[in-house]
Amino acid sequence: MRQKVRRVIVFTTLFLFPVIFNYLSPYVSLDAAFAGLVAGSVMVFAFLFLSGIFLGRAWCAWFCPVAGLSELGATINDRPVKVNRLAVIRYAIFGVWFAALAAGFILAGGIRGFDPLYLTEHIVSVDEPLKFINYYLVLAILFALTVTVGKRGACHTICWMAPFLTAGELVGRALRLPQLKIRANPSNCVGCGKCTTKCPMSIDVAAEIKTGSVASLACIRCGECIDGCPKRALCYGMGRGKVAVGK
Ligand code: SF4
Ligand code: SF4
Ligand code: SF4
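Along each chain, residues carry numbers from 1 onward, in the same order as the chain's sequence is written. Chains and ligands are labelled by the order in which they are written, letters from A for the one and numbers from 1 for the other. In keeping with the predicted nature of the model, local features appear solely for residues at pLDDT of at least 70, side-chain atom pairs appear and are counted solely at 80 or more, and the whole-chain, interface and lining totals rest on all residues. Only hydrogens and water are set aside; all other atoms, that is, all heavy atoms of the structure, feed into the side-chain values.

- In the nomenclature of an unreviewed UniProt entry, the chain corresponds to 4Fe-4S binding domain-containing protein from the organism Sporobacter termitidis DSM 10068.

### So, the site of ligand 1
Right, on to step 1. Near ligand 1, the surroundings consist of Arg57, Trp59, Cys60, Cys64, Val66, Arg152, Cys155, Cys159, Met161 and Ala162.
Right, on to step 2. Any residue outside Ala, Val, Leu, Ile, Met, Phe, Trp, Tyr, Cys, Pro, Asp, Glu, Lys and Arg is labelled polar, Gly included; the first ten of those are nonpolar and the last four are charged. Residue composition of the shell around ligand 1, by class: 8 nonpolar, no polar and 2 charged. Consider each residue's heavy atoms; a residue with any of them within 4 Å of a molecule or strand counts as near.

### Structural notes on the nonpolar core
Looking at soluble globular proteins, one finds that nonpolar side chains tend to be buried together.
Right, on to step 1. Here the nonpolar core consists of buried residues drawn from Ala, Val, Leu, Ile, Met, Phe, Trp, Tyr and Cys, with membership extended through side-chain atoms lying within 4.5 Å. Whether a residue is buried, partly exposed or exposed follows from its accessible area with a 1.4 Å probe, protein chains only, as a fraction of its type maximum: under 20%, in between, or over 50%, in that order. Core analysis: the largest hydrophobic core is formed by 57 residues, its most contacted members being Phe17, Trp59, Met161, Val205 and Leu234.
Right, on to step 2. Per the convention used, a helix needs a DSSP run of H or I reaching at least four residues, while a strand needs a run of E reaching at least two, with both numbered from the N terminus. At 6 residues, the largest contribution of residues to this core is made by helix H7 (residues 83-107).
Right, on to step 3. Each of domain 1 (2-168) and domain 2 (177-240) accounts for three or more of the residues forming this core.
Right, on to step 4. In what follows, a contact means two residues having at least one pair of non-hydrogen atoms within 4.5 Å. Contacts of Phe17, omitting those with residues within four sequence positions, involve Leu24, Pro65, Val66, Tyr135 and Leu139. Segment limits for the domains were obtained from an automatic or database-derived domain assignment.

### Overview of helix H10 (residues 162-174)
Right, on to step 1. Given the number of residues in a helix, its expected span is that number minus one, multiplied by 1.5 Å. Its 13 residues place the ends of H10 18 Å apart at the C-alpha level, agreeing with the 18 Å of an ideal helix rising 1.5 Å per residue.
Right, on to step 2. Among all positions of H10, only Ala162, Pro163, Phe164, Leu165, Thr166, Gly168, Glu169 and Gly172 are buried.
Right, on to step 3. For H10, the elements touching its buried residues are helix H4 (40-55), helix H5 (58-62), H7 and strand S3 (178-184).
Right, on to step 4. Directly beyond the C-terminal end of H10, a positive phi value near 55° is found at Arg176.

What follows is the structure, given as structure tokens:
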């Protein structure tokens, strides 16, 4: 039931992607930065950072429109990926984009104002033919990466939002604030590996939970491992830093 609800939510946000496209756009952020303006997308990225402090990357499983696209892609290619290897590509792209964003504000003489509707005069992001071409081009790239690279391929390779979520999660860990986690009772585990097979983020869940919780920064709190475990060895929980075994 939980996974059905999650899929309904992410397919709904995918359906609404043409409306919210600009509010998640790295291009709109950049264009506004060179005009000294903070676009709506930068505000969303700041919100993602704050959500990451307490919820980790739950956005990626429950609300991001690309999640819906990834679920569709997984019906074609469900192969696990090498998370750490692909993260190098993602952080390299993110580093270039973030540096350009900072350079934009510096060249513009700093932040001169806030414009949540920058390049989005009619609130709806994709509202004319040329914008639809851009939109479908981006969608095609994200989908192509997902079906060629493997599970959540676009998320692992080019996502510009995940680093904000991860940064938030790391800050929350450093401050030992309560965070949403996947907790485990390893004594119930029979080592069947179903949690690892189910994980859309290619995490070796069965190995991670030996310490009592999933510590991987790739975890998006989707709950697929919880719902796929035949021994009910996993559950959601709020914890500070590293969660102790069986708690
Ligand atoms: S990794 Fe990026 S694209 Fe993928 S679900 Fe998370 S925020 Fe969306
Ligand atoms: S699915 Fe459950 S029982 Fe099987 S390895 Fe994972 S935690 Fe252990
Ligand atoms: S470890 Fe569990 S909750 Fe985290 S991404 Fe994998 S399946 Fe989802």
